[in-house]
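# Descriptive analysis of the structure
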Amino acid sequence: MQKLDLIATAFEALKHFVPFLFALCFHEYAHGWVARLRGDRTAEIMGRLTLNPMAHADVIGTLVLPLMSIVSGIPFFGWAKPVPVDERNLKNPRVDMFWIAFAGPLSNLLLALIGAVALGLLVRFFAPALMAGQAGVEQIRDILVIFISINVFLAVFNMIPLHPLDGAKVLARFLPERVNEQLEAWSGYTSLLLLMIFVSGGITLIAGPAQWVRNLFMIVAQGVALT
């Protein structure tokens, strides 16, 4: 019995961790892909233009903190290694960096949309199986809901305007150069601040906005299911 409980617990952890890992890799890939479009091939040359988790994994951000999230039950929090970008290769660094940074959260919203459409199609074509409580179909439904939720949370979290998050780089497009340079110089302190917020449970403050955005995708799923 204890062995079965362990297997069930491990499976539940994987239902969260695998979508989270894919979402992180896709997020970093999007940064590198847009950077290449804008003229910088640094990520591609360094082997970061890939969905391979090993290329993007950070021990603390990709493994330790997500596992802590699973154990504690708080929203997923973590990161991958930042994709390198050489601004010297960009034609218009200020504008190009805006789009390179924005590509990460946008990619997660794209995945959430794909997940919502897939969820709607599942409900539409497998409604009898769901009503009958067939375990396999229910598990797929649960994984899709988790997939949507994780991608929404990552998008919202990364848009917080604090370095080293994408939101700070997006905001930099509209700030005076001197102000942005100072904010970047403080990135070490803001990184520590973000970690302290996570440890203290303050990360739940963005649960409200994330839930609101998630509800929009669930409306999309419902619309697909009913069409």
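These numbers were taken from a predicted model, which means no experiment stands behind them.

## Thoughts on the packing of helix α5 (residues 93–125) against helix α7 (residues 135–158)
Packed helix pairs are characterised by how far apart their axes lie and by the angle those axes make with each other. The geometry of α5 relative to α7 is characterised by a closest axis approach of 8 Å and an angle of 160° between their N-to-C directions. The orientation of α5 with respect to α7, classified from their angle, is roughly antiparallel. Handedness of the crossing formed by α5 with α7: left-handed. Along the contact surface, α5 presents P105, N108, L109, L111, A112, G115, A116, A118, L119 and L122, while α7 presents V137, I140, R141, L144, V145, F147, I148, N151, V152, L154, A155 and N158.

## Description of the confidence of the model for the protein chain
Segments scoring low in pLDDT should not have their predicted coordinates read at a detailed level. The pLDDT averaged across the protein chain works out to 88; a share of 91% of its residues lies at or above 70. Per-element mean pLDDT across the protein chain ranges from 73 in helix α10 (residues 187–199) up to 97 in α5.

## Concerning the nonpolar core
I148, V152, F153, V156, F157, I206 and F217 are the most contacted members of the largest nonpolar core, which totals 22 residues. Counting only elements with at least two residues in this core, the list comes to α5, α6 (127–131), α7 and α11 (207–226). Membership of the second largest hydrophobic core comes to 8 residues, among which are F20, L21, L24 and I146.

How each quantity is defined
Every chain's residues receive numbers from 1 upward, in the order its sequence appears when written. Selection of residues for local features in this predicted model requires a pLDDT of at least 70, selection of side-chain atom pairs for listing and counting requires 80 or more, and totals for whole chains, interfaces and linings are taken over all residues. As a convention, hydrogens and water are excluded, and side-chain values are obtained from all of the structure's heavy atoms. In this analysis, axes come from line fits to C-alpha atoms, helices being fitted only over the stretch in contact, and the angle between any two N-to-C directions falls in the range 0 to 180 degrees. Under the DSSP-based scheme used, a helix requires at least four consecutive residues in state H or I and a strand at least two consecutive residues in state E, with every element numbered from the N terminus. For this classification, under 35 degrees means roughly parallel, over 145 means roughly antiparallel, 65 to 115 means roughly perpendicular, and everything else is oblique. We call a crossing left-handed when the near helix sits turned anticlockwise from the far one by less than a right angle, and right-handed when that turn is clockwise. Should any heavy atoms of two residues lie within 4.5 Å, those residues are counted as being in contact. Residue-level confidence of the predictor is summarised by pLDDT, bounded by 0 at the bottom and 100 at the top. Residues belong to one nonpolar core when they are buried, are Ala, Val, Leu, Ile, Met, Phe, Trp, Tyr or Cys, and are joined through side-chain atoms within 4.5 Å. Each residue is placed in one exposure class: buried if its accessible area under a 1.4 Å probe, protein chains only, is under 20% of its type's maximum, exposed if it is over 50%, and partly exposed if it falls in between.

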